[in-house]
Amino acid sequence: MNPIDLRHILHRHPEPSHEEHETQQILMKAMEELSIPCRAIASTGVLGVYAPHDGKPFLLFRADMDALPIEEKTNCTFRSRNDHMHACGHDVHMAILYGLAKRCSEEKPPVNTLFLFQPAEETGGGARECLEELESLKISTAFALHVTDEYPLGTLAARKGVLFASAFEVDCCFKGRAVHISMHHMGRDAIEGCAEFLKKIYESMPMDALLRFGMIEGGKARNVVADECRLMGSVRSESWERNEELLKHIESVGHEVAMHKGLEFSISTGSMYPPVVVEESLFENLRNIASVLNLPFVECEMKYTGEDFGFFSQRYLSLMFWLGTRKGKERYGLHSPYFLPPDETVNIGIEVMWNLLIKVQSSNDL
């Protein structure tokens, strides 16, 4: 199968985290046609194993599989057929990884390689589940990319050290007392508490961190003081430890507001990602490959993007990088219903990953 054709099939049939059953079957069939042994991993994922040399360590290449609960608003011929969308480019990531596997099956490089199609990146859990099942394999290096229209088509962007921030999901809940709004002075307004908390916490967050709440839930009727209000968001910084410090600050401000308003306050966390750390020599390999392939290269700043590839970079020497997709000036950003990388992105990504595979293995053989 052509990698671009596979991209179109996957884009038409997006599935949410932990439910990538059809995606898994599509990938299994495609990999089996390449005569690369594969098996399920982390329930709905796929692991392809190319092992021409017994006993030698593996290079691991990873692509994420899951889609987002977003209604697609592009007019492409292969647009989503359901109420989810590959609005984060995971269809492109999978097509690139498949293309790399296809090239290995055809050119047969003497490089032990794992092709990991990882489920549940968007909601967390997928990377850790895969790592548990990979413990029996000797892996030296891990690779991944992420498409973005922040950069022009074909641009490679990365940095040494922390590329993507550590990201913690955080929920803040205020509880009060419900009364009719005509007697609001007798109640305890949880929405009012949330409003004061938002102002205080946004003003007091340090410059080296990011906190934003994207969802709010509260109240049961428009004419009743809300007895509960919950804020759902994310805190991000350069390290796991810094995020833990920030959670203490958030909790302190929450309790201060609750005491002032006669409310109760609680804080809880959801998915927690470590930072994605890029190893220096792999970064230099990427820079050299960009020069060889005549692709633009950007040494970028740390991004506040959250990515569970950070779990891989904690365990193995790792490289992750941005692959630009933008043609022209129009930009939508990730998780937009209009985000649609051009098909040319797939072949560029395959070429970069292939060159990384050959270059890193050659370096390891020296």
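Heads up: these notes are all about the structure in this document.

Rules of the game
Residues numbered from 1 in each chain as written. Predicted model: local features only at pLDDT ≥ 70, side-chain atom pairs only at ≥ 80, totals over all residues. Heavy atoms only, no water. Buried < 20%, exposed > 50% of the residue type's maximum accessible area, 1.4 Å probe, protein only. Helix = DSSP H or I, 4+ residues; strand = E, 2+ residues; numbered from the N terminus. Polar contact = N/O pair within 3.5 Å; in protein donor to acceptor, adjacent residues only side chain to side chain. Pairing = 2+ DSSP bridges. Axes fitted to C-alpha atoms, helices over the stretch in contact; angles between N-to-C directions. Contact = heavy atoms within 4.5 Å. Expected span 1.5 Å × (residues − 1).

With that out of the way, let us pick up helix α1 (residues 3-12). Most of α1 is tucked away, with seven of its ten residues classed as buried. Taken as a whole, α1 has its buried residues at Pro-3, Ile-4, Leu-6, Arg-7, His-8, Leu-10 and His-11. Capping the start of α1 is the job of one residue whose side-chain oxygen sits 2.7 Å from the backbone nitrogen of Ile-4: Asn-2.

This part covers the sheet that holds strand β4 (residues 113-118). As summarised here, the arrangement of the eight strands in space is β1-β2-β4-β3-β5-β14-β6-β13, forming an open sheet in which the pairing is mixed. One side of each edge strand has no neighbouring strand; the edge strands of this open sheet are β1 (38-41) and β13 (297-299). Averaged over neighbouring strand pairs, the angle between their axes works out to 25° when direction is ignored. As paired elements, strand β6 (residues 156-158) and strand β14 (residues 317-326) share two bridges and run antiparallel to each other. Among the inter-strand pairings, Leu-156 is bridged to a residue of β14, identified as Leu-323. The sheet strands contacting helix α2 (residues 21-33) are β1, β2 (45-50) and β4, and the helix crosses β1 at an angle near 160°.

What follows concerns α2. Along its 13 residues, α2 runs 19 Å from first to last C-alpha, staying within 8% of the 18 Å computed at 1.5 Å per residue. Those residues of α2 not exposed but buried are Thr-23, Gln-24, Ile-26, Leu-27, Met-28, Ala-30 and Met-31. Turning to α2, the residues buried within the fold contact α1, β1, β2, α3 (90-107) and β4. Positive backbone phi, at 65°, marks Ser-35, one or two positions downstream of α2.

Ordered by their spatial adjacency, four strands build an open sheet running β9-β10-β8-β11, and the pairing between neighbours is antiparallel. Looking at which strands have only one partner, the edges of the open sheet turn out to be β9 (210-218) and β11 (264-273). Taken pair by pair, the neighbouring strands of this sheet meet at an average axis angle of 20°, ignoring direction. Two strands pair when backbone bridges link them, and strand β8 (residues 166-175) and strand β10 (residues 228-237) are joined in this way by ten bridges, in the antiparallel orientation. Along β10, the bridge assignment pairs Lys-175 with Glu-228.

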